[in-house]
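Listed below, chain by chain, are the residues.
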Amino acid sequence: MAAHRLSPSLNRLLIAGKYASLRTSCCAAHGYSQYSTACSPDEKTFDKILIANRGEIACRVMKTCQKMGIQTVAVHSDVDASAVHVKMADEAVCVGPAPTSKSYLNMDAIMEAVRATGAQAVHPGYGFLSENKEFAKRLAAEGVAFIGPDTHAIQAMGDKIESKLIAKAATVNTIPGYDGVVKTAEEAVKISRDIGYPVMIKASAGGGGKGMRIAWNDEETREGFRFSSQEAASSFGDDRLLIEKFIDNPRHIEIQVLADKHGNALWLNERECSIQRRNQKVVEEAPSTFLDPATRRAMGEQAVLLARAVQYSSAGTVEFLVDSNKNFFFLEMNTRLQVEHPITECITGLDLVEQMIRVAKGYQLQHKQEDIPINGWAIESRVYAEDPYKSFGLPSIGRLSRYQEPLSLSNVRVDSGIQEGSDISIYYDPMISKLVTYGATRAEALSRMEDALDSYVIRGVTHNISLLREIITHPRFISGDISTNFLPEVYPDGFKGHRLQPDRRRELLAAAAALHVAAQLRSQRVLGNLRVASAPVHCDHWELCVELEDGRHPVQVTKSGSGFTVEVDGEKVEVEGEWNLASPLLPLTINDTHRVLQCLSREASGRLVLQYLGTAFKVRVLSGLAAQLNSFMPEKIPEDTSSLLRSPMPGAVVAVSVKPGDTVSEGQEICVIEAMKMQNSLTAARQAKVKSVHCKPGETVGEGDLLVELE
Amino acid sequence: MAAFTVALRSGGLINGLRTSFRSLAPGKYGAVAAAMSPTNLHWGCRWGSMTVKERIDHKRETALRGGGQHRIDAQHKKGKLTARERVELLLDPDTFVESDMFVEHRCSDFGMEQDKNKFPGDSVVTGRGRINGRLVYVFSQDFTVFGGSLSGAHAQKICKIMDQALTVGAPVIGLNDSGGARIQEGVESLAGYADIFLRNVMASGVVPQISLIMGPCAGGAVYSPALTDFTFMVKDTSYLFITGPDVVKSVTNEDVTQEELGGAKTHTTVSGVAHHAFEDDVEALLNVREFFNFLPLSNQDAAPIRECHDCSDRLVHSLDTIVPLETTKAYDMLDIVKATVDESDFFEIMPNYAKNIVVGFARMNGRTVGIVGNQPKVASGCLDINSSVKGARFVRFCDAFNIPIITFVDVPGFLPGTAQEYGGIIRHGAKLLYAFAEATVPKITIITRKAYGGAYDVMSSKHLRGDVNYAWPTAEVAVMGAKGAVQIIFRGKENQAAAEAEYVEKFANPFPAALRGFVDDIIEPSTTRQRICRDLEVLASKKQLNPWKKHANIPL
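First, a word on scope: everything that follows refers to the structure included in this document. The shown structure was predicted, so the numbers you read here are calculated from the model rather than taken from an experiment.

### With respect to the packing of aromatic side chains
Right, so step 1: The tally for this structure, following the rule as stated, stands at 30 aromatic pairs over all chains.
Right, so step 2: On the basis of an interplanar angle of 55° and a centroid distance of 6.1 Å, the ring pair of Y427 of chain A and Y428 of chain A is categorised as tilted.
Right, so step 3: A residue is classified by how much of its surface remains accessible, and Y428 of chain A, at 4% relative accessible area, is buried.
Right, so step 4: Each ring, one from F291 of chain B and one from F347 of chain B, has its centre 4.9 Å from the other, and the planes form 45°; the classification is tilted. Of the two residues, F291 of chain B sits in helix α14 (residues 281-292) while F347 of chain B sits in strand β11 (residues 347-349), which places them 56 residues apart along the sequence.

Next comes the structure, spelled out in structure tokens:
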């Protein structure tokens, strides 16, 4: 612990200055023009709030607290001792070691922190204890305000079956279905007609898609009934079937509600959250392109009905599934601040955290339903430390060796809880930030998002910028034609990065060649008085060869003013730029189009990694001579990896299912790695005998570590 | 030297060389000597009728073809470039000025005097040229001519450009690809080696010398690269050894392949003979160009300053959190180095050998600096025999060529154990101490965490004439870690934990050293780059002389 090793005076000396500067930069730079509700100075709320969370949401809550003049208390695990949320807070309390169960979920320690600091209220953020009724109860017992709904609302909405019943009772649309067992094909047809097509026939004991059929008419229902019952009988030894409404191409659209303790409740419009992978949202926007005012109003009113039904207070979210005919069905209610709340703040101008604090203090809502506007359009991209090339995102860890948020662009909001030098560890969520752009129109917000993603500098961890940029520029997304199946439909074989069209490919080749020449020219610029005069090569024309993926392209570069004319595959490309070789960003004008590239690495061997249109491309630029001679160089054969099972991500080994000498068949589970609360089963790529096992349960492994060797 | 002696015993040096060569290219050498290209014969017959001009042109043409097209093809087939292709790629376009293209060997035994066995230029290409505009002398051994074997003429050509390089004050780069001695020439060839060795030694510390091993280099020939400042190798195609696998087998009965005995991997990870290995010829040559840019041309020149785009005032915030809170937790010193230097551009020397110390070249505000850093990630960053020798040689190179030395310290001490003591850690550790103490170039030291015991003294401390010594707030300058210290001070006493806490409070921080002026300042890590850049500006005019001596006596 630093505190042990440093004398307190030194600690203060060095760190006091840093805190101050950090705080100002956070507040100023983030420019919260997107929500600007003036907090009235005479409306007293709390003197001190403890934020029982970490990362970006803790920082987000603290920003509003600072704006409202409220003292803040951070809690943290020992590995988070120098995290941004700790530095931002007025006070910080360590509540345990790294694992969340021992720190951020450790109610005893957090209650102790509340007592020790005299905090009058606790904001739980999202996740962790935010929907834990026990925690809310314990706070209430000690007279500390829980900034969220009352315990009974948390409880009622926390249970899937109970919440559906309450919703039904409150006349909220729920997914229609027949809860009993269907006995004959004719009965199935009757039930299906009652529910309305399409319907889903599924095995009562089912799972994994087996014994499941979708029927769009009576005939298909009869057929589906037959097949499903046979399949169910053979797969599960149980042929009982259920029928429910099939939501075709569902969208995930949610309504933000805000209610006070006086029976007032508002709906703050919707958020479109259909772009998901593994049930986790990736890109969100507000409003939705899909809703018309009438549907929006209907959904909003039902959401408010539900909130009223459970005497909801504070901010909450009612999630709906919406089918292609704009029928909507209640899914669940989240009784907390959502991750994606910033987009609602952008279009409504409300500071949701401020409203939550006011409501918790017992104030009435300041707004009427008719005061709630939809101003412009907001998009949120969740920037994760994960590899999008592996199932749309497997967690990655590392140290942010370089980190620069695109805050110099206007109408960009970045909610993050990390900074340059921060560690993304295996203990917590791998989210780096929420990148929000705002515009008068959707097109404007989207175009800003492109710029923001291009100018976002993240080094040291693998990130999903490439996937985010592909999504927001995909024609289907732009036209609003999305559903929760968007990613698997658009990338059936997995995400593989940006596919270059010929003209974009030429741009990239030209940029790489020009950068190479700029670096070559700089290498000749030796300063000072030289004993032996330098004789730089005076040249304004270069014959190069650029290798990209499988292609080799002869390229001619000619200097023209501050830029270069690059001839690639018979076409001329003009590339201009400042050619600052130290900057992580490489802003270029390519054929009069402004593009921001990033040079991720540049080696003496001519190898470059350029981030272009969000995707990192490996390029090699060689002089004509070097390229010609390079053809004599032998191909080095990479190590045969099919017999080596390596960890695809950093994490902890949960189970090892094999031992040396075992024979495994293709697809058989070999071991399980847990990372960021996700268990991943690793399987054999082919049938083989296990040669050696290099890991054991409980061990921590890094990405690429050898786990098991096959013969 | 042991292996060398073995070679002599097993039939003399020539035999040793020959045997090792045989093992490299079985049967081929003989073929080179005996073979004669039909073209050569044809042209040879017409010589009588050629004008001088024609003869000049003809000789030049022949020289450019080396050992002939089929030998060039064979070289390519092995994944190797020819001597001339290498020179062309190494140097700026059209800057190569060749010398001694007309030199031929003078051997008249074993039929070597015949025209068919004469190749203009013999088995080496020599001359001067430019790398990024800067002067350099180059020799490139031509494996297509007699397997690149070293004749008297071959040696004489190399010596000539080395002499010129010394006169002018410019580096020498040798591209080695040679089967060994020209056995037909006998002692003439041996004399040639010695002539080169002598020049290597005379040039040492005067001009930088770089060896790039791009094929075989065996027997006595290995001592030329060994005497130069840096030896680089090409993976899979280059070998360095005193005696080849055959001799090893006959003398020690060990079964070993060429690659295991003297390949790039062996020398960059096990023996520490080579400083870097590259994938292939093209990569190696391009990297040497890059490397060359870090070096001054001679000991009369200051460290070069290249145009710099990285702001010298840049604050490096990531450094503020890089040292872990737990003193026992490792971190990567390379992260600190790369974050601090210009453009994260660090040319690491010996990256895979004695990894507990990191050495290499970088730039600060454009100016070349030598970086030395303990690596907490490997063996806690302790000093042992190999890391001391690796560090010492690097420090001495920097000092010889006016390159300022930046030292990042996180060292728990010297590695204990019989292996180290018996291996002579006292003697070898003294080398690093000696090198730092002797160095008169600007020396800037940053203690990032531990600086314990004698190792603290060694690592460019104030006491060894460090010009600027900084400590980060996480620095702990002490005789040893708290646990060990408490066990000695309070031996047998109870409540060791309390004593340990007291010791930590007293010594495990930068104050004791700062109070005494042993560090000049305690700085915020994020300001490290800024501070170093400013200090280097001031120290550029540093003048410090050691007492006159014939030469110093480093504990070898």
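Here the narrative resumes, following the displayed structure.
### Thoughts on the environment of Q668 of chain A
Residues and elements named next belong to chain A.
Right, so step 1: Here Q668 is to be found in the loop between β35 (663-664) and β36 (669-675).
Right, so step 2: Taking relative accessible area as the criterion, Q668 reaches 30% and is therefore assigned partly exposed.
Right, so step 3: Placed 63 residues apart in sequence, Q668 and S605 show a C-alpha to C-alpha distance of 42 Å.

### Focus: the sheet that holds strand β25 (residues 541-548) of chain A
All names here are of chain A.
Right, so step 1: Read around the closed barrel, 8 strands run β25-β26-β27-β28-β29-β30-β31-β32, paired in antiparallel fashion. Here the average twist between neighbouring strands, direction ignored, is 35°.
Right, so step 2: Across 6 bridges, the pairing between strand β27 (residues 563-568) and strand β28 (residues 571-577) is antiparallel. Counterpart to T565 in the pairing with β28 is E574.

### Examining the packing of helix α14 (residues 442-454) of chain A against helix α15 (residues 465-473) of chain A
All names here are of chain A.
Right, so step 1: Taken N-terminus to C-terminus, the directions of α14 and α15 make an angle of 160°; their axes are 10 Å apart at the nearest point. With respect to each other, α14 and α15 are oriented roughly antiparallel. Crossing hand, α14 versus α15: left-handed. The residues of α15 that touch α14, namely those facing L446, M449, E450, L453 and D454, are I465, L468, R469, I472 and T473.
Right, so step 2: Here the contact of α14 with α15 is built from residues that sort into 6 nonpolar, 1 polar and 3 charged.

### With respect to the pattern of salt bridges
One side chain can pair with another of opposite charge once the charged atoms of both are near each other.
Residues and elements named next belong to chain B.
Right, so step 1: Inspection of every chain in the model, using the stated rule, returns 80 salt bridges over all chains.
Right, so step 2: Ionic pairing is found between D177 and R86, a salt bridge with its closest N-O pair at 3.0 Å. A residue pair is termed long-range when its members are at least 10 positions apart, and D177 in the loop between β4 (172-176) and α9 (187-203) and R86 in helix α7 (residues 83-90) qualify at 91 residues.
Right, so step 3: Classification of D177 by relative accessible area gives buried; the value is 0%.

### Things to note about a nonpolar patch on the surface
Residues and elements named next belong to chain B.
Right, so step 1: Together, L198, V201, M202 and L227 give the surface a local cluster of nonpolar side chains, amounting to about 350 Å² of exposed area.
Right, so step 2: It is α9 that provides the largest number of residues to the nonpolar patch, a total of 3 residues.
Right, so step 3: Along the chain, the position of L227 falls in helix α10 (residues 223-227).
Right, so step 4: By relative accessible area, L227 is classed as partly exposed at 31%.

### A look at the sheet that holds strand β14 (residues 328-334) of chain A
Residues and elements named next belong to chain A.
Right, so step 1: Judged by pairing direction, the sheet is antiparallel, and its 8 strands sit side by side in the order β14-β13-β10-β11-β12-β15-β22-β20 without closing on themselves. The open sheet has two free edges, formed respectively by β14 and β20 (412-416), since each of these has just one partner strand. Ignoring strand direction, the axes of neighbouring strands in this sheet form an average angle of 25°.
Right, so step 2: Note that strand β10 (residues 251-259) and strand β13 (residues 314-322) share 9 bridges and pair antiparallel. Within β13, the position partnered with L258 by the bridge is A315.

Procedures and definitions
Residues numbered from 1 in each chain as written. Chains lettered and ligands numbered in written order. Predicted model: local features only at pLDDT ≥ 70, side-chain atom pairs only at ≥ 80, totals over all residues. Heavy atoms only, no water. Phe/Tyr/Trp six-rings, centres within 6.5 Å; stacked < 30°, edge-to-face > 60°. Buried < 20%, exposed > 50% of the residue type's maximum accessible area, 1.4 Å probe, protein only. Helix = DSSP H or I, 4+ residues; strand = E, 2+ residues; numbered from the N terminus. Pairing = 2+ DSSP bridges. Axes fitted to C-alpha atoms, helices over the stretch in contact; angles between N-to-C directions. Parallel < 35°, antiparallel > 145°, perpendicular 65-115°, else oblique. Left-handed = near helix turned anticlockwise from the far one by under 90°. Contact = heavy atoms within 4.5 Å. Nonpolar A, V, L, I, M, F, W, Y, C, P; charged D, E, K, R; others polar. Salt bridge = Lys/Arg side-chain N within 4 Å of Asp/Glu carboxyl O. Patch = residues over 30% accessible without salt bridge, like charges linked within 9 Å, V, L, I, M, F, W, Y side chains within 5 Å. Areas by Shrake-Rupley, 256 points an atom, 1.4 Å probe, with all protein chains shown as cover.

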